[in-house]
Structure formats: C-alpha cells, structure tokens
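# A closer look at the structure
The lines below spell out each chain.
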Amino acid sequence: MRITPQTQSTSQIARHTSEKYPMSILAELLDQVLAAATFRTRGGKLYTPDELRDAITLTQWGVPDSLDVLSARPEVDDQIVSEIVDHLRHALSEYIDAAADRIGHSFHIVDSIDRMVEITSDYSHEVHSSSSTSGFARGLVRAAAVLGIDRATKLVTSWAAGKSRYHKICVVLAGVSIDQDIKLEHGLRIYRLPISSDSLPISMPNIRFNAVEEILGHPVLEIGASTHPALFAPPGDDIEDIRLETHTALGEVSLNTFFLALSLVCNQQVGLAWNWSDYDEAGTFADGARSSMGGPGMPLKRLSRSYNRKLLTGITELTSFDPPVPNLSEEGLRRAFDLRDELGRRIDSDHRFQIAVTRWARAASPGVINADRIVDLRIALEALYLDSDQGELGFRLSVTGARHLASNLEDRKDIRKALIEFYRLASRVIHGTSPRGSNEVLIVDAAAKLCRDGILKILEDRHRPDWTDFLLS
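Residues numbered from 1 in each chain as written. Predicted model: local features only at pLDDT ≥ 70, side-chain atom pairs only at ≥ 80, totals over all residues. Heavy atoms only, no water.

### Here's the deal with the overall build of the protein
The condition is simple: Secondary structure elements follow DSSP: runs of H or I no shorter than four residues count as helices, runs of E no shorter than two count as strands, and numbering proceeds from the N terminus. Buried residues are those whose accessible area, probed at 1.4 Å on protein chains only, stays under 20% of the maximum for their type, while exposed residues exceed 50% and partly exposed ones sit between those limits. Any two residues whose heavy atoms approach within 4.5 Å at even a single point are treated as in contact. Here the accessible surface of atoms and residues is derived via Shrake-Rupley with a 1.4 Å probe, and residues count as covered only by protein chains that are part of the display.
Along the backbone of the protein there are 16 helices and 16 strands. Counting every position in the protein, which comprises 473 residues, the buried fraction comes to 51%. When contacts within the protein are restricted to residue pairs at least 6 apart in sequence, long-range pairs at least 24 apart make up 74% of them. Carbon and sulfur atoms make up 49% of the accessible area of the protein, which totals about 21,400 Å².

### Topic: the confidence of the model for the protein
Rule in force here: Looking at any residue, its pLDDT shows the predictor's confidence there, from 0 to 100.
Averaged over every residue, the pLDDT of the protein is 87; residues scoring 70 or more account for 89%. In this model, residues 1-18 is a region of pLDDT below 50 whose contacts with residues beyond four sequence positions or in other chains number 24 contacts.

### Structural notes on the sheet that holds strand 1 (residues 38-40)
Pairing between the strands of a sheet is mediated by backbone hydrogen bonds and can be parallel or antiparallel. Heads up, the condition is: By the convention used here, strands pair only if DSSP detects at least 2 bridges between them.
Judged by pairing direction, the sheet is antiparallel, and its three strands sit side by side in the order 2-1-3 without closing on themselves. Lying at the two open borders of the sheet, with one neighbouring strand each, are strand 2 (46-47) and strand 3 (73-75).

### Some thoughts on the environment of Asp466
Definition in use: A 3.5 Å cut-off defines polar contacts: any pair of N or O atoms within that distance qualifies, except that in protein one atom must be a possible hydrogen donor and the other a possible acceptor, and neighbouring residues in sequence count only when both atoms are side-chain atoms.
In this fold, Asp466 is placed in the loop between helix 15 (438-461) and helix 16 (467-472). Through-space distance from the C-alpha of Asp466 to that of Asp387 is 8.8 Å; in sequence the pair is 79 residues apart. A distance of 3.0 Å separates the side chain of Asp466 from the backbone nitrogen of Asp469, its partner in a polar contact.

### Notes on the packing of helix 10 (residues 330-349) against helix 11 (residues 351-363)
Here is the rule we go by: Fitted lines through C-alpha atoms serve as axes, helices being fitted only where they are in contact, and the angles separating the N-to-C directions of these axes extend from 0 to 180 degrees. An angle below 35 degrees is read as roughly parallel, one above 145 as roughly antiparallel, one from 65 to 115 as roughly perpendicular, and any other as oblique. Under this grouping Gly is polar, as are all residues other than the nonpolar Ala, Val, Leu, Ile, Met, Phe, Trp, Tyr, Cys and Pro and the charged Asp, Glu, Lys and Arg.
Interhelical geometry of helix 10 versus helix 11 gives an angle of 120° and a closest axis separation of 6 Å. With respect to their mutual orientation, helix 10 and helix 11 come out oblique. Residue-level contacts link Leu343, Arg346, Ile347 and Ser349 of helix 10 to His351, Phe353, Gln354 and Val357 of helix 11. In terms of residue class, the contact of helix 10 with helix 11 is made up of four nonpolar, three polar and one charged.

### Digging into the environment of Glu342
Within the secondary structure, Glu342 is located in helix 10. Ignoring any residue separated from it by four or fewer positions in sequence, one finds Glu342 in contact with Leu459 and Arg462. At 2.7 Å, the side chain of Glu342 and the side chain of Arg345 are in polar contact.

### A word on unusual backbone geometry
A negative phi holds for most residues other than glycine; trans holds for most peptide bonds. Pro229 follows His228 through a cis peptide bond whose omega is -5°. Among the secondary structure elements, Pro229 is positioned in the loop between strand 11 (219-228) and strand 12 (231-232). In this model, Gly295 is joined to Pro296 through a cis peptide bond whose omega is -5°. At Ser320, a residue that is not glycine, the phi angle is positive and equals roughly 50°. Considering the arrangement of structural elements, one finds Ser320 in the loop between strand 16 (315-319) and helix 10. With relative accessibility at 48%, the residue Ser320 sits in the partly exposed group. Located in the positive-phi region is Arg462, a residue other than glycine, with phi close to 55°. With respect to the secondary-structure elements, Arg462 resides in the loop between helix 15 and helix 16. Given a relative accessible area of 53%, Arg462 falls into the exposed group.

### Comments concerning the side chain of Thr133
By the secondary structure assignment, Thr133 is in helix 6 (residues 133-147). Residue contacts for Thr133: discarding those within four places in its chain leaves Val85, Leu88, Arg89, Ile96, Asp101 and Arg102.

### Considering the side chain of His108
Here His108 is to be found in the loop between strand 5 (102-105) and strand 6 (114-119). In this structure His108 comes out as buried when scored by relative accessible area, which is 8%. Those residues in contact with His108, other than ones at most four positions away along the chain, are Arg115, Val117, Val127, Ser129, Tyr279, Ala282, Phe285, Ala286 and Ala289.

### What to know about the nonpolar core
Basically, it comes down to this: Nonpolar core, defined: a set of buried Ala, Val, Leu, Ile, Met, Phe, Trp, Tyr and Cys residues in which side-chain atoms within 4.5 Å join the residues together.
Residues Phe258, Trp360 and Leu377 are the most contacted members of the largest nonpolar core, which totals 70 residues. Of all the elements, helix 15 adds the most residues to this core, at 10 residues. Residues within four places of Phe258 in sequence aside, it is in contact with Leu188, Leu221, Leu250, Val253, Leu333, Ala336, Phe337 and Arg340. Membership of the second largest hydrophobic core comes to 46 residues, among which are Phe39, Phe107, Ile109 and Val110.

What follows is the structure, given as structure tokens:
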C-alpha cells in the first residue's frame, strides 16, 4: 500500500508546521546544545562541533582518522536534548507512533531501531528506518554540527512539510572515458575517480583494496534523486509496509535505458560496474551509515599497474597511469540525455526495435571479433531493417539500410556493399566457420557502425518507416 504521511495539502501542513514548529525556537535549542557538545568516535577521539565539521568536510577516507570520524556520536546535555525532544514530539506528531515514541524516516539516524535497505530498479538504496524520538533529536544535533544549525533546521522543517529527501545515485561506468568533469543542469554529472584511494569520496562505502584497484581512475555517473516521504509514521511492527517512491533526474526512463543511450552515443557498450548511494545532507544525521557498494557488474579495463602500500598506510594507488582516450564529451552526454525519452518510448512500444538496440549493444565492442558478436549484430540488423515474414533477407536488408542511411547513389552503393559483405560473413559463421583476420574485423566494425547510425536516425527522426512503403516512395 502507499503510505501518505498526511491527509492535508502540503501548503496546509507547511502553515500548520510553521505555527507550532517555529524555526527560531529549534535553532535556539540547537545553539545551546552545540555550545557544550562534544562528539566521540568509536576509537575514543573527541571533536568539538567545529572540528567535526572540518574533519567530515574532507573528501578523503583512506588517511588516518577519516574513517573513525564518521562514527562520531554526540555527547550532549540530557536536559537540553529533552527540550528538543519535546519540541519534536509536537512538531512531528504526524510522523510519530505515540505509543512507542518512534518516528519513521527514509534515511539513517544515529540510533535507528529498525533498518531495511531496498535496491530499486535504478540501483538507488531506499532506506526504511525508524528511531526513538530521542535518537532523532541526537541525529539532528549531529547534522547541525556538520551542516550548520540553519541548514539542519531547514531540512527538518521541509521534511515535516512533506518534502522529499534528496540524494545521489553513484555509478562507476564501464565503457566510458572522459578527459574532464561533465555536469548538466538536469542533475547529472560525470567525474573521474582519483588514482589514489586516499582521495575517494567520503560517501563511498568501504571497499577491499584489491577491488579499489579495479575502479581507480574510472568515471562515475552521479544522478540526482529524491525519495518520498522523508518522514512517515511507523506502521506497527513491519517497517516493510512503507511504500517509498524514488525519482531520478532521468525522469520516467530507467537507468538501464540510459545506458543504452550512452552506448549509442559512445559507439561502445556502456554499463554499470559498481554503484553506491550518497545520502548527501541526510547522511549527516547518522554515524557513518553507508550502504554497501554494489558490484561488480560489467568488467572494467585495468587502467595501469598498481602499487599497494597497505601495510604502511592502507593506501592503494595507480602508477604509470595513462588515461584512456576520451569517448564522451559534454555534447555527447547531453545527446544521450535528450535521446532517452524517445528511446524508452520506442523500446516499450516496438518489440523489433528493442531487439535491434539490445542486440547491437551486446555486439558493440569495436575491434573485437567472435561468433557471438557477429550473430548478435546480424539479429540487430534484421530486426531493424526487415519485417519478420520477408524473404531474400540479405538483399532486402542491404538495400533498405542503404536507402535509409544515405541520400546519394554512391554512398548508398558503398553502404549496400558493406552490409552484403557482413551478411555473407554472418551466414558463414552461423554455418560453423570461425571468424578470423583483420579484414573480417573491419567488415564487422563497419556493419556495427551502420546499425548504430540507423538506430540513431530513427530515434532522432522519431519515426521508424514501414520499409516496404519506404522503398517504394
């Protein structure tokens, strides 16, 4: 079932909340508690609020103390905390189980009682969690130390008014290389991981040094996302009854469909190798709770030799790092983003087009030749340019593809010749002949590019013709 945390409109709740939950009062209480608060880590180290903020602002996790600092919990005056708790009980009453004095939230808190993490189809971590109201107050104190009192108070106020919780989906990509960070206004960013593990993002979960070696230097796709609701009333004993809704910067299109769009733009199969969720500001309410990194998915090409100084410093770094030739620019990322809706719509409505795209993606490894790649590519071309009941397949495919992809006679002749050569090669492979030789690699690469060009033309024209009518027109 869908849980709606309130029956009033968001504007009504916002007014109602502002009346009984004035930001100035909460800010004053937090200011009092932080004036005397310290934060103790599992290793026993003490931080002041300012020291904690400075330490967590660091983007390093492999250097001494940076992992330990994430475990810091507040040591605060119980009397002032009890005043914050009383304030929250009134202000967040819609989201509190009064009998158990528990509040539900879609992110972790310092002393969450129940926790369940569900992986969505877009690889986002949906957190179903609940904590005591006192625990929520201590999480708020921790967030106020890291984010500042004003920002932490505004966050809780917005969640109380029914606003979503924002985070980022982070995906280490296979098949893509970049030469500089790329950022779109839509909430997408691609950046390259550092070549030393002591500079990895602090949001990244712990990972074995031999796995870190695989991902260093590779690009990460960062996708803005939101989960609703941020706060909810715990439904009895079963936290799994809560229905959360996650939306990403990709809109209605799945991440797997966006991988296909990136693959078409890059002319190379692109996919997920590893992934994790960055809880962003909501992550400051918890003492280092981070979802486990998922992976491996698609294999990553090792970018250089590595030198592991684990016994001395725990640092893994790449040496002789030679970044790959970039195959994605800002223009390319924008093109993939613009193609995603049409690609998703056509995949959902046109089964043969879906076959063409997915089989082409499986075959999209330029410079590689094997029987599976050739068979996948032949199936892709047939699904793209033939109807299921047509005869003389090779002839019709080559003529239709040439007519579709070129506007002058000489180019059409060249395309027809390339498609016929590939179709003959595919027929031999299907009948048991092993592909070999540089000439056959060129034939397959040329056919793969033509298949990709045909798919892109259909997407950008927003139309796939009836090929019989198309040839007669």
